[in-house]
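Architecture and fold: a report
Chain residues, written in single-letter form:
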Amino acid sequence: MVLPGLWLLLLLLLAGTRWLWGQWKFWNLHLPPLAPGFLHFLQPNLPIYLLGLTRKLGPVYRIRMGLQDVVVLNSNSTIKEALIKKWVDFAGRPTVPYEKLDLDLSRGDYSSTWRTHKKLSRSALMVGMRGSTEPIVEQLTQEFCKRMRAQAGAPVDIHQEFSFLTCSIICYLTFGDKFLPNPGLWKLKRFRENRDRIVKQQLKLHQDSRVAGQWRDMIDYMLQGMEQLSEGHGAGELHEGHVHMSVVDLFIGGTETTATTLSWTVAFLLHHPEIQKRLQEELDLRLGPSGGSSQILYKNRAQLPLLMATIAEVLRLRPVVPLALPHRTTRASSISGYDIPKDTIIIPNIQGANLDETVWELPTQFWPDRFLEPGKSPRTLSFGCGARVCLGEPLAQLELFVILAHLLQAFTLLPPPDGTLPSLKPQNYSGVNLLIHPFQVRLQPRNLAPQDQGQSPLT
Ligand code: HEM
């Protein structure tokens, strides 16, 4: 009887010592300053509120969320230190109780399988669709312009139209061309069961009709890549469930984000008709005023510097995923000399960094010309950076360029007859995206001389 009692005592002593050791280690950490109070995350304009806290606390600080600490990074340098320089330490995602996320690309945690999954999805978008993406975006944008022309300058809810267009592009890239135009598919992203049923059907259709060594779209490419991986060097943890979730992520990540950025651009241009006029002059000069019927090639984007600068400025001021997706430290690390323990949740405040006064002159002002200064890079942190950088950045950049070039070449953007301008204040932040308030715009076709409608010099 004595011996088990002694064992129990010893075990308790050991556990107590371990706990004290843990506490001692924690107390000796040099942690970022703690923001006083609890209700920070309920603030309506959260990214700007979080930026405001830096005045007292500096660019890195902690916020209490229940029993957990969340570390917020608010500057270019701290975000890059975490996500680029120490990328493995900060590449994790928080786990969600009772939800299995191991097949998920955007919310799945960092692991070697996740890396293979992201690599395959990225290469499906970049390599698999090389050559076909641009003609698809071009064709669907031309159809969009045709639909808008039929409205004959009546006020339209342009955001709805952009959402349909970007969703159509993703449908085309993933499912192939047989599915368009189909407004029913547009609803796909809204209903989870519907979405999963359609994706499953598509996977089966693709599996049944696939020809070895060929691919028609991204699903074919990923199914083939998955097979090759499993035949090859033991990286065969990927299965059809991963392809399913890639498709879901492409729809979730790839429609509203780009559509909202397009809507923000229209809103800013309605407030700044002088920039719109200069953009149209640039397009007319470089492409000829062809009314949106000629091809506009992305590889020639350097010849449209004001358009590129305008896109960069909208992405800087209204990064649609302003707080990125939450990260998690995969091991103990540090930022700006502060200790960051393993499993800490990290929030990169991208919008905060894009408004950093030490980096940007007149940070809150819409001023595309800032990017026209020699040596000024149009790159901001709006797509994130490092291992978790946005999968769809190349597609989004291509879409923004082609769609806006066509839109501005073919139409003058005007407010509705009562002159109401859209609000530039985002909707209250309620999750992931920086949403714009609904607004209407008139797309007045530009009057073009028939002799001007020839081939563009940029094609
Ligand atoms: C992640 C921005 C368009 C797919 C992200 C992140 C940001 C972002 C900030 C989070 C990065 C992080 O957690 O550190 C944007 C913006 C877009 C856009 C500003 C358009 C203007 C797209 C498109 C697609 C896409 C078109 C798909 C075709 C994804 C995916 C992730 C992601 C799958 C998760 C990546 C990962 O966890 O590794 N995006 N995005 N996004 N985005 Fe985008």
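Here's a quick rundown of the structure.

Analysis parameters
Residues numbered from 1 in each chain as written. Predicted model: local features only at pLDDT ≥ 70, side-chain atom pairs only at ≥ 80, totals over all residues. Heavy atoms only, no water. 1 Å grid on protein atoms, 1.4 Å probe; cavity = no way out; pocket = protein on both sides within 12 Å on 5 of 7 lines; lining within 4 Å. Points joined across faces, edges and corners; volume = space filled by probe spheres on them. Nonpolar A, V, L, I, M, F, W, Y, C, P; charged D, E, K, R; others polar. Donors = N, O, S within 2.8 Å, 3.2 Å for Na, K, Ca; no water. Helix = DSSP H or I, 4+ residues; strand = E, 2+ residues; numbered from the N terminus. Buried < 20%, exposed > 50% of the residue type's maximum accessible area, 1.4 Å probe, protein only. Contact = heavy atoms within 4.5 Å. Polar contact = N/O pair within 3.5 Å; in protein donor to acceptor, adjacent residues only side chain to side chain. Disulfide = S-S within 2.5 Å. Pairing = 2+ DSSP bridges. Axes fitted to C-alpha atoms, helices over the stretch in contact; angles between N-to-C directions.

**What about empty space enclosed by the protein?**
- Scanning the model with the defined rule gives one cavity of 30 Å³ or more in all.
- In this structure, the largest cavity occupies an estimated 30 Å³ of space.
- Lining the largest cavity are Leu83, Trp87, Phe90, Ala91, His327, Cys385, Gly386, Ala387 and Arg388.
- Partitioning the lining of the largest cavity into residue classes produces six nonpolar, two polar and one charged.

**Structural notes on the coordination of the iron atom of the ligand**
- In this structure, the iron atom of the ligand receives exactly one donor atom from the protein: Cys390 (SG), at 2.3 Å.
- Of note, Cys390 is situated in the loop between helix H14 (350-354) and helix H15 (393-410).

**Notes on the environment of Asp69**
- Examined against the element boundaries, Asp69 turns out to sit in strand S2 (residues 68-73).
- Residue classification places Asp69 among the buried positions, given a relative accessible area of 13%.
- In this view, Asp69 contacts Leu34, Arg62, Ile63, Arg64, Thr344 and Ile345; residues no more than four positions away in its chain are not counted.
- Here the side chain of Asp69 touches Arg64 through a polar contact of 2.9 Å, side chain to side chain.

**A look at the state of the cysteines**
- Applying the stated criterion to the full structure yields zero disulfides.
- The structure places no disulfide on Cys167, whose sulfur is separated from the nearest cysteine sulfur, that of Cys171, by 4.4 Å.

**A few points about the pairing of strand S9 (residues 441-445)**
- Bridging between strand S3 (residues 155-156) and S9 involves two bridges; their strand directions are antiparallel. Paired with Val156 across the two strands is Val441, which belongs to S9.
- Direction of pairing for strand S8 (residues 411-414) relative to S9: antiparallel, over a ladder of four bridges. What sits directly across from Thr412, in S9, is Gln444.

**Observations concerning the environment of Ile403**
- Tracing the backbone through its elements, the reader meets Ile403 in helix H15.
- The buried category is assigned to Ile403, whose relative accessible area is 0%.
- Distance from Ile403 to Thr166, taken between C-alpha atoms, is 9.8 Å for residues 237 residues apart in sequence.
- Not counting the four nearest positions on each side in its chain, Ile403 is found in contact with Thr141, Phe162, Leu165, Ile169 and Leu262.

**Quick look at the sheet that holds strand S4 (residues 327-328)**
- Spatial strand order, S1-S2-S7-S4: four strands in an open sheet with mixed pairing. The open sheet has two free edges, formed respectively by strand S1 (60-65) and S4, since each of these has just one partner strand.
- As paired elements, S2 and strand S7 (residues 345-348) share four bridges and run parallel to each other. Counterpart to Val70 in the pairing with S7 is Ile345.
- The strands touched by helix H3 (residues 76-85) are S1, S2, S4 and S7; relative to S2, the strand with the most contacts, the crossing angle is about 115°.

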